[in-house]
Amino acid sequence: MKTLLLVVLLPLAAEAQLAMYAVNGATESTVGSSYQFGQVAINTSSSVQFQIFNTGNTPVTVSAVTLGGTGFTFEYPLIQLPLVIPQNSTVTQTLNIWVSLTPTSTASFNASLTITATSGGISTILIGSGVTAPTLTSGAGCSGSAPFNWGNVPVASASSCTFALENLNPQAVTVPSMVVNGLGFTGPVGVTTPFMLQPGQSASFSVTFTPPAAIAYSGTLLIGTQSYGLHGTGQQALLPTPALQFDSASYSSAQQGVLTVTIPGSSPMAATGYINLTFTPTTAAVKDDSEIVFLASGSRTIPFSVTAGATTALLSGENSATFQTGTTEGTITFTLTTAAAMIGNAPVKQFTIGGTKVMVDSTSASKERAGFLDITITGADNTYSAGAMAFAFLDTSGNAIGSGASADFTSTFKTYFGGKTAGSAFRTLVSFPVTGSVATIGSVTVTLTNAAGVATTGSLTFQ
Amino acid sequence: MKILTTFAICACAWGQSGIDRPQLGKMLDASGAVRTVYGIVASVTLGDPEQTGVVSQACSKTFCLAKTETAVVSASGSADAPAGPALFAFDGDAAFVWFPRSRQLAQWQNGVLALIDSTVDGEVLSMRACAGSVEFAVRRESGEWIVKLDGSVVDSLPRSTGPVMLIPGGVVYATREEIVIRGLRIPLARVTSFSQMSAGYLQVRAGLLDYVLRVEPGREMLFQLPGVQQ
């Protein structure tokens, strides 16, 4: 009786020496009497690695490995058999078998994987089904069909492409995994795998391309066993040509204008640079006018900065910059310089400051100083050609006194302006010696002539 | 006949006594340096520093006063003074000086600073000379007032949270977004102070920028001053 019992038990003990595991990445799972490959898109392959261990205390010789059924194949040629697996085998002492399921139709597939050994074997039934892969279409952000191409994308800028994955099968499809590979490509965002798509149902998600450098990039989007190519090219970011905008279409002398710098659309990147101002006088009398500056800095250069996404540049940290037009006829030119690559040419804006009559800023007429009539005129002559003056005196009743007086101070002005670069502003005092009572001398009107015409002070009442 | 004779002399003997660079007054830059402002309205340049270490300064038609931390200084001399900034009100060749930190009033004349007994309630915002005495713009809980040295109220001022400057025959004050002068409202935010550059111009500080306000009646105008090149 005891002998019989041993005879019955021995084969069982021998069979139990082999154990089969399925390897999925770093995870191993015990394989029982059957193993599910699950749904596999038709005409694609799903591959599984099986490892055969010897858990017994004696070596086992594997004499045959067979695969009986349709749809399943050995992915790699088997090693030469027989193979002796030592007792208590480690992971490096196993028999490794790779089996693929490549369905060619939407049907169920199964096969028997059998390992025959001298002291017993092990087998399992492999099961899977072929399904039509969910249809992947792209929306905005990349090309419409695989391989999906993002085209040129500014370096370090993120460009997303939206996708729709739709199940056109009459049965539900499980999407086991979605993986994006490749430098520069990230995602998917919007789905969590695994998930099931019912017939006719679709899922939306996005993949983002952020090129680290100005080169071409490739990646893949793996949806289950389906692989889709991803392409994109990093392009050096370009700053849209900034627009120099002014608070007036034209300027004349002795004005203060306001400059703002806008970025059409918005800036795809941060950028810095300078706004420069230059001045070229029309007149040969002077070589420059130092009054023509940006007021924030008191100079002809101000820094600008743009942050990514901004539509307006900061000028010396402010939203705008005020400048003076000075008191010299000529051309003021604004230019923008930046080390950033720009679409088109750097913007340039010129303003012509035309010659004008003498600009009279303030005046006074005084007879307080004994024996003199003092007339003070403060103004500017942006043509640097002033000199001729005429004086018309009226008595306190408004009657003209004599025929007036005229004079040419051209040489005096020329001496004053000579070599100056600080504009044409002047303050002149013209004194008329008088004798006797000045009580009835009421007012004077002064006209000043330059190359642009004749200016008048209006009536100046003697104080 | 006498007039005609007079004019006949003028026509023969007039003369241009000279041309020079016009000045709008003197400004105090952010570093405490006093500089001359040259030019005409809206077209100005700044001169080099003439005095440094200044905390307050103002000019009349004829002279300027500067307050350093411990002295009042003019071209005619200097005198020890209470610490801190000062407010000025010019009166011919003299001036009243208010020291906010010590709440003392003094009169400056010929390089001498003489303290004057005074008790002014409230925060003194500005001063102006008036008939040999002085009037104060003060901010109190009850509002802003113009008061005399004896405390009597001359007038009330519109409520404002910003600086106030008494000018001959009027007042300039700043609200949150604008400057108001004789009913004229000039947009400018962040105004923190006024100071008298000359008889006709005020320096206005707003944020980190300096402006000039022309206060001549009928010709009021605001324009920006150039920054000081670093």
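Source: prediction; values computed, not measured. (Residues numbered from 1 in each chain as written. Chains lettered and ligands numbered in written order. Predicted model: local features only at pLDDT ≥ 70, side-chain atom pairs only at ≥ 80, totals over all residues.)

1. A closer look at the overall build of chain A
When helices and strands are tallied, chain A shows two helices and 35 strands. Going through the 463 residues of chain A one by one, you find that 34% of them count as buried. (Helix = DSSP H or I, 4+ residues; strand = E, 2+ residues; numbered from the N terminus. Buried ≥ 20, exposed ≤ 12 C-beta atoms within 10 Å, placed from the backbone.)

2. Digging into the overall build of chain B
On a plain count of helices and strands, chain B comes out with one helix and 24 strands. When burial is assessed residue by residue, chain B has 41% of its 230 residues classed as buried.

3. A word on the sheet that holds strand E32 (residues 405-408) of chain A
Residue and element names in this part refer to chain A. Reading across the sheet, the four strands line up as E32-E31-E34-E35 and stay open at both edges, with antiparallel pairing between neighbours. The sheet is open, and its two edges are formed by E32 and strand E35 (453-461), each paired on a single side. Averaged over all adjacent pairs, the angle separating strand axes in this sheet is 15°, with direction ignored. Both strand E31 (residues 388-395) and strand E34 (residues 441-450) contribute to a ladder of eight bridges, which runs antiparallel. Looking at the pairing, Phe 391 lines up with Val 446 of E34. (Pairing = 2+ DSSP bridges. Axes fitted to C-alpha atoms, helices over the stretch in contact; angles between N-to-C directions.)

4. Side note on the pairing of strand E23 (residues 209-214) of chain B
Residues and elements named next belong to chain B. Pairing of strand E22 (residues 201-206) with E23 involves six bridges; the strand directions are antiparallel. Within E23, the position partnered with Arg 205 by the bridge is Asp 210. Sheet analysis places E23 next to strand E24 (residues 221-224), joined by four bridges and oriented antiparallel. Looking across to E24, one finds that Tyr 211 is bridged to Gln 224.

5. Let's talk about the interface of chain A and chain B
Each partner contributes residues to the interface: chain A has 47 residues there, and chain B has 35 residues. If you list the elements that add at least two residues to the side of chain A that touches chain B, you get strand E26 (321-324), strand E30 (372-380), E31, E32, helix H2 (410-417) and strand E33 (425-433) of chain A. Here the side of chain A that touches chain B gets nine residues from one element, more than from any other, and that element is E33(A). In the side of chain A that touches chain B, the residues fall into 22 nonpolar, 21 polar and four charged. (Contact = placed C-beta atoms within 7 Å. Nonpolar A, V, L, I, M, F, W, Y, C, P; charged D, E, K, R; others polar.)

6. A short note on the nonpolar core
All names here are of chain B. Ranked by internal contacts, the top residues of the largest apolar core, which has 86 residues, are Val 97, Val 172 and Leu 213. Considering each element in turn, this core owes the most residues, five residues, to strand E10 (residues 94-99). Apart from residues no more than four positions distant in its own chain, Leu 213 is found in contact with Val 172, Ile 179, Tyr 201, Leu 202, Val 204 and Leu 222. (Core = buried A, V, L, I, M, F, W, Y, C linked by C-beta atoms within 7 Å.)

7. Concerning unusual backbone geometry
Residues and elements named next belong to chain A. The peptide bond linking Gly 187 to Pro 188 adopts the cis configuration, its omega dihedral lying at -5°. For Pro 188, the position within the fold is in strand E16 (residues 185-189). With an omega of -5°, the peptide bond running from Thr 193 to Pro 194 counts as cis. Tracing the sequence through the fold places Pro 194 in the loop between E16 and strand E17 (195-197).

8. Points about the environment of Val191(B)
All names here are of chain B. Residue position: Val 191 is located in strand E21 (residues 191-196). The spacing of Val 191 and Gly 162 is 29 residues in sequence and 6.8 Å in space, taken between C-alpha atoms. Apart from the residues lying within four places of it in its own chain, the contact partners of Val 191 are Gly 162, Pro 163, Ala 174, Ile 179, Val 204 and Ala 206.

9. So, the environment of Leu78(A)
All names here are of chain A. Following the sequence through the fold, Leu 78 ends up in the loop between strand E6 (72-74) and strand E7 (83-85). Using a count of 16 C-beta atoms within 10 Å as the deciding quantity, one classes Leu 78 as partly exposed. Note: C-alpha distance between Leu 78 and Asn 96 (18 residues apart in sequence) is 8.4 Å.

10. Quick word on the confidence of the model for chain B
Residues at a pLDDT of 70 or more form 92% of chain B, whose mean pLDDT is 90. Both confidence scores are given for the complex: pTM 0.69, ipTM 0.89. (pLDDT = per-residue confidence, 0-100.)

11. As for the pairing of strand E8 (residues 77-80) of chain B
Residues and elements named next belong to chain B. Pairing of strand E7 (residues 71-74) with E8 involves four bridges; the strand directions are antiparallel. Residue pairing for E8: Val 72 is matched across the bridge by Ala 79. The antiparallel hairpin formed by E7 and E8 contains two residues in its connecting segment.

12. Comments concerning the confidence of the model for chain A
The pLDDT averaged across chain A works out to 90; a share of 97% of its residues lies at or above 70. Predicted confidence for residues 1-16 of chain A stays below pLDDT 50, and this span has four contacts to residues more than four positions away or in other chains.

13. Structural notes on the sheet that holds strand E18 (residues 202-209) of chain A
All names here are of chain A. Overall, antiparallel pairing links the four strands, which are arranged E11-E13-E18-E16 in an open sheet. Only two strands of the sheet have a single neighbouring strand rather than two, namely strand E11 (135-138) and E16. When strand polarity is set aside, the average angle formed by the axes of neighbouring strands in this sheet is 25°. As paired strands, E11 and strand E13 (residues 159-166) are joined by four bridges and run antiparallel to one another. Looking at the pairing, Ser 138 lines up with Phe 163 of E13.

14. Considerations on the environment of Phe462(A)
All names here are of chain A. Relative to the helices and strands, Phe 462 is located in the segment after E35. Taking the C-alpha atoms as reference points, Phe 462 and Ser 366, separated by 96 residues in sequence, lie 4.8 Å from one another. Ignoring any residue separated from it by four or fewer positions in sequence, one finds Phe 462 in contact with Ala 365, Ser 366, Lys 367, Leu 373, Ile 441, Gly 442 and Ser 443.

15. Some points on H2(A)
Residues and elements named next belong to chain A. Within the span of H2, buried status applies to Phe 413, Tyr 416 and Phe 417. Down the axis, H2 shows its buried residues gathered within 90° of arc, on one side only. Opposite the buried face of H2, at more than 90 degrees from it, the exposed residues are Ser 411 and Thr 415. Where H2 ends, the next residue or the one after it, Gly 419, has phi of about 80°, a positive value. (Arc of directions from axis to C-beta.)

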